[in-house]
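Given next are the chains, with one letter for each unit.
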Amino acid sequence: MDVHESLLELIGNTPLVRLRTPGAGRTAPVYAKLEYLSAGGSVKDRPGLRMIEEAERSGALRPGGTVVEATSGNTGAGLAMVAAAKGYRTVVVLPDKSSAEKIATLRAYGAEVVVRPGGLPLEDPEHIVNLARRIAEQTPGGWFAQQYDNPANPDAHYRTTGPEIWRQTEGRVTHLVSCVGTGGTISGTGRFLKEASDGAVRVIGADPASSVYSGGDGRPYFVEAAGRFRHPETIDDSWPVSFHREVVDELLPIADRDALLTIRRLAREEGLLVGGSSGTAVTAALRVAAELGPEQLVVVMLPDSGRQYLSKYFNDDWMLRNGFLDGDAAHPLVGDAVPAELRERPLPYLHHRSTVGQALDALRARAAAGADPVLPAGPAPVAPGRQPTALELLGAASLEQLAAALAQGKAAPTDPIADHLTAPLPRFGTGERADAALAELTAAGCDTAVVVHDGHGVGLVGAAELKALLG
Ligand SMILES: Cc1ncc(COP(=O)(O)O)c(C=O)c1O
């Protein structure tokens, strides 16, 4: 019989499929490793299984125990699937930017899900890693998987992903391209391929453009689960022990927009429905392959399926709102109010650590210049003058509301503005139609919105400007 005794036998052993896009045989062939075909639907089944097996072996996890992890989703699903198959309880702590589909998947496996705000400094006790550690300590039989620092994570890839690629390509692989989150995939797979090829295989990390791994300032980005975010108030940003930097020859920064447009093309042109980090990796792989000849062979890791992101990357409204689509130029667009040459200017906004007094000065200056006296607010930037991403604009302040709070004694000029913010300003992507944006702005009772291009706030637009655009 061709049968399996356990689902756990169906983890890994994923196929390599050639991407057609590079075309014409001029460049090196690029083979995609389809990790969404693993039993739990992602590259994280492998470390999920190995980390649990190692914990069982060491006695850290015993029958009736509870698996606890902090994760943006896939590791939780891998662990929850293996835990369900082996009879353990699972608790997963994840950041609120995780897609609804990922959270629902965890609950479907019977995991208890704790959602906490993402984007906190590492030292904050409410940071998901600190919270997961506490939950594990306080739960009888609790075991914290700790994928960032657990050697079983890269080891899973050293033992399975690397050997599979070597065998599948008959040792002809010359380049490995992978995203870096915990670093487990690239470190374990890369190390195996380097050893097997006597150091000939080049290992390339594909990184979201602002991730610190490739030299970015760590501001948030929209591709989930890859790269490394750094909160401006994080003091000690030690990289994960699971990331063996010495295995990686090069790290290529890839803009969110390029990554997301790439996966939309892969779905439509090749029938490959994959997640955002696959877009980051494929964009990098195509760039690498373009410099190579047909005798070389690139393998790119596609960590998960696009089904987890249908409400985001494959949803035109979401893509438009975040400035990732150009929109229909037959109509006046929001972006026409902030022409491309003006998008490099810093967005006027308030640092959330500034005081009410400083905010009032900035708002009065806007009023004196004839602008609507409201401003978006968010964390102080790591690099002065850089554009905050739309993900950082956590609130807003208006002259009217602050003046009223002062008059009523509810605010003092020395208070941090963070304590007195209102809801974030509405935001519209550059590709959205100006008429629809104006209607939405009016319905929200606001006069000003943030204009977003490529995920970044690039300007403020008032109702009057939108009306002027519409003639
Ligand atoms: C979708 C996705 N892409 C990329 C990664 C990064 O993989 P690694 O943590 O092995 O570096 C992950 C890890 O969770 C992931 O879930």
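Please refer to the structure higher up on the page.
Residues numbered from 1 in each chain as written. Predicted model: local features only at pLDDT ≥ 70, side-chain atom pairs only at ≥ 80, totals over all residues. Heavy atoms only, no water.

Engineer: It is not clear to me how the layout of surface pockets should be interpreted in this structure. Could you clarify?
Structural biologist: Empty pockets left among the atoms are what a rolling probe the size of a water molecule brings to light. In this structure, the second largest pocket spans a volume of roughly 310 Å³. Forming the boundary of the second largest pocket are 19 residues, of which D372, V374, S398, L425 and D447 lie nearest the centre. Sorting the residues of the lining of the second largest pocket by element identifies β13 (395-398) and α11 (399-407) as the ones contributing at least two each. For the lining of the second largest pocket, the class distribution of residues is eleven nonpolar, five polar and three charged. (1 Å grid on protein atoms, 1.4 Å probe; cavity = no way out; pocket = protein on both sides within 12 Å on 5 of 7 lines; lining within 4 Å. Points joined across faces, edges and corners; volume = space filled by probe spheres on them. Helix = DSSP H or I, 4+ residues; strand = E, 2+ residues; numbered from the N terminus. Nonpolar A, V, L, I, M, F, W, Y, C, P; charged D, E, K, R; others polar.)

Engineer: What is the right way to read the sheet that holds strand β10 (residues 298-302) from this model?
Structural biologist: Across a sheet, strands are paired by hydrogen bonds formed along the backbone, either parallel or antiparallel in direction. The six strands are arranged β1-β2-β10-β7-β8-β9 in an open sheet whose pairing can be described as mixed. Two strands in the sheet have a free side with no partner beyond their single neighbour: β1 (16-18) and β9 (250-254). Shown here is a sheet whose adjacent strand axes are inclined to one another by a mean of 25°, direction ignored. Alignment of strand β7 (residues 175-179) against β10, held across three bridges, turns out to be parallel. Of the residues in β10, the one forming a bridge with L176 is V299. Packing against the sheet, helix α5 (residues 152-168) makes contact with β1, β2 (30-34), β7 and β10, and its axis sits at approximately 140° to β2. The strands touched by helix α6 (residues 184-196) within the sheet are β7, β8 (202-208) and β10, with β7 carrying the most contacts at an inclination of about 170°. (Pairing = 2+ DSSP bridges. Axes fitted to C-alpha atoms, helices over the stretch in contact; angles between N-to-C directions. Contact = heavy atoms within 4.5 Å.)

Engineer: How do you make sense of the site of the ligand when you look at a structure like this?
Structural biologist: In the vicinity of the ligand lie 13 residues, with N74, G181, T182, T185 and S277 positioned nearest. At 2.6 Å, a backbone N or O of G181 approaches an oxygen atom of the ligand. T182 is positioned such that a nitrogen or oxygen atom in its side chain is 2.6 Å from an oxygen atom of the ligand. Relative to its unbound accessible area of 380 Å², the ligand is 97% covered by the protein chains. Grouping the constituent residues of the shell around the ligand by class yields four nonpolar, seven polar and two charged. (Near = heavy atom within 4 Å. Polar contact = N/O pair within 3.5 Å; in protein donor to acceptor, adjacent residues only side chain to side chain. Areas by Shrake-Rupley, 256 points an atom, 1.4 Å probe, with all protein chains shown as cover.)

Engineer: Would you take a moment to explain the packing of α5 against α6 for this structure?
Structural biologist: Helix packing for two helices is described by the angle between their axes and how far apart those axes are. Between α5 and α6, the shortest axis-to-axis distance is 7 Å and the interhelical angle comes to 50°. The pairing of α5 with α6 is recorded here as oblique in orientation. The two elements α5 and α6 meet at a crossing, and its hand is right-handed. Of the residues in α6, those in contact with N153, P154, H157, Y158, T161, G162, P163, I165 and W166 of α5 are G184, T185, S187, G188, T189, R191, F192, L193, E195 and A196. (Parallel < 35°, antiparallel > 145°, perpendicular 65-115°, else oblique. Left-handed = near helix turned anticlockwise from the far one by under 90°.)

Everything listed here is a matter of geometry and, on its own, says nothing about what the molecule does.
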